Every structure is written in C-alpha cells, then in structure tokens.
Amino acid sequence: MMISWKTDGSAGAVDTVRNWLEEGSNHSDYITWAESNGRLNYSWELVGDDIVITEEWNIDRAAYDALAIDHKANGENLPVTETNDHLTFNE
C-alpha cells in the first residue's frame with residue numbers, strides 16, 4: 001500500500017516538516033517504529049511549494065489505520081494532509 005502526505009500550505013509548514021524530517025529526534029524514532037510495523041520504503045521531496053512524503057507499506061489500509069499514527073512532532077500536529085500524489089522510488 002502506498003500513502004502520501006503533503007504540507008498543508010499553512011505559514012511555516014515546509015520549514016516545520018523539513019526540520020522534522022532532517023533533524024527531529026522523534027522522526028528517527030518513527031522510522032524505527034514504522035519499519036517494525038510494516039513500512040518497506042519512504043521518500044520525501046520538495047514538490048512545488050510543498051514537501052511530499054510517500055510511504056510504502058506491506059499492510060493494507062485497514063491495518064495502517066489501526067496503527068493510529070498521530071503525525072506529531074514535539075507534541076504538535078505536523079502541518080500535513082493526505083494526498084493521492086505519490087512520489088516514485090528510485091531503486
């Protein structure tokens with residue numbers, strides 16, 4: 001299953017998400033957790049004025065939803081929204 005997220009267009013969203021991706025200690029915790037729960041691959045990039053994050057999971061959507069991922073960084077909701085615009089993986 002592929003799922004993607006993009007910044008929500010709010011002020012500072014790109015900087016907040018980029019900081020979380022590049023420097024956030026809870027992002028490294030999320031990577032470990034996600035990989036142990038079925039995530040196979042992920043990528044992120046700046047697309048236009050948004051950061052897009054795409055994840056590939058070996059579980060279906062119902063199992064993914066059951067994980068109840070909260071998309072938070074430092075106790076605050078990340079300014080992201082789900083999108084159907086998926087990145088491709090270079091392998």
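Along every chain, residues carry numbers that run from 1 in the direction the sequence is written. A pLDDT threshold of at least 70 governs which residues receive local features in this predicted model, and a stricter bar of 80 or more applies before side-chain atom pairs are shown or counted, although totals over entire chains, interfaces and linings include all residues. Note that the side-chain values use all heavy atoms of the structure and ignore hydrogens as well as water.

Trainee: What exactly am I supposed to notice about helix α1 (residues 13-23) here?
Mentor: The α-helix advances 3.6 residues per turn, and as a result positions three or four apart in sequence lie on the same side. Only protein chains enter the accessibility calculation, which uses a 1.4 Å probe. A residue is then buried if its area is under 20% of the maximum for its type, exposed if over 50%, and partly exposed in between. In this text, helices come from DSSP runs of H or I with a minimum length of four residues, and strands from runs of E with a minimum of two, each type numbered from the N-terminal end. Those residues of α1 not exposed but buried are Ala13, Val14, Val17, Trp20 and Leu21. For α1, the angular spread of the buried residues around the axis is 135°, confining them to a single face. Those residues of α1 that are exposed and angled more than 90 degrees off the buried face are Asp15 and Glu23. Residues of α1 that are buried sit in contact with β1 (2-7), α2 (25-36), β2 (39-47), β3 (50-57), β4 (72-73) and β6 (80-83). Working definition: the arc comes from the directions between the helix axis and the C-beta atoms, pointing outward to the latter. Whether two residues are in contact is decided by their heavy atoms, any of which lying within 4.5 Å being enough.

Trainee: Please explain the sheet that holds β6 as it appears in this structure.
Mentor: In a beta sheet, neighbouring strands pair by backbone hydrogen bonds and run either parallel or antiparallel. Taken together, the four strands give an open sheet; going across it, the order is β2-β3-β1-β6, and neighbouring strands pair in antiparallel fashion. Every other strand in the sheet has two partners, leaving β2 and β6 as the edge strands with one partner each. Each strand axis lies, on average, 25° off the axis of its neighbour in the sheet, ignoring direction. Paired strands, in this sense, are two strands between which DSSP finds at least two bridges. Relative to β3, β2 runs antiparallel, the two being bridged by eight bridges. Within β3, the residue paired with Glu45 across the bridge is Val52. Running at roughly 40° to β3, α1 makes contact with β1, β2, β3 and β6 of the sheet. Its contacts with the sheet place α2 against β2 and β3, and it is angled at close to 140° to β2. Only C-alpha atoms enter the line fits that serve as axes; for helices the fit covers just the stretch in contact. Angles between N-to-C directions range over 0 to 180 degrees.

Trainee: Would you mind showing me how to read α2 here?
Mentor: With 12 residues, α2 extends 17 Å from end C-alpha to end C-alpha; this agrees with the ideal 16 Å at 1.5 Å per step. Taken residue by residue, α2 has His27, Tyr30 and Ala34 as its buried positions. End-on, the buried residues of α2 take up no more than an arc of 55°, which puts them together on one face. Opposite the buried face of α2, by more than 90 degrees, sit the exposed residues Ser25, Asp29, Thr32, Glu35 and Ser36. In this analysis, the expected span of each helix is defined as 1.5 Å times one less than the number of residues it contains.

Trainee: Got a minute to help me understand the packing of aromatic side chains in this structure?
Mentor: For any pair of aromatic rings, the description consists of the separation of the ring centres together with the inter-plane angle of the planes. Each Phe, Tyr or Trp ring, with Trp reduced to its six-membered ring, pairs with another whose centre is within 6.5 Å; inter-plane angles below 30 degrees give stacked pairs, above 60 give edge-to-face pairs, and intermediate values give tilted ones. Inspection of every chain in the model, using the stated rule, returns three aromatic pairs. Consider the rings of Trp57 and Tyr64, whose centres lie 5.3 Å apart with planes at 75°: the pair is edge-to-face. Taken together, the aromatic side chains of Trp20, Tyr30 and Trp33 make up a single cluster linked through ring pairs.

Trainee: What exactly am I supposed to notice about the pattern of salt bridges here?
Mentor: Oppositely charged side chains may form a pair once their charged atoms are brought near each other. Salt bridges are counted wherever a side-chain nitrogen of Lys or Arg sits within 4 Å of a carboxyl oxygen of Asp or Glu. The tally for this structure, following the rule as stated, stands at three salt bridges. Between Glu55 and Arg39 there is a salt bridge, and its shortest N-O distance comes to 2.8 Å. In this pair, Glu55 is assigned in strand β3 and Arg39 in strand β2, connecting sequence segments 16 residues apart. A relative accessible area of 5% means that Arg39 is categorised as buried. One salt bridge in this structure joins Arg61 and Glu82, with 2.7 Å as the shortest N-O distance. One end of the pair, Arg61, is in helix α3 (residues 61-66); the other, Glu82, is in strand β6, with 21 residues separating them in the sequence. The class for Arg61 is partly exposed, based on a relative accessible area of 36%. The exposure class of Glu82 is partly exposed, given its relative accessible area of 35%.

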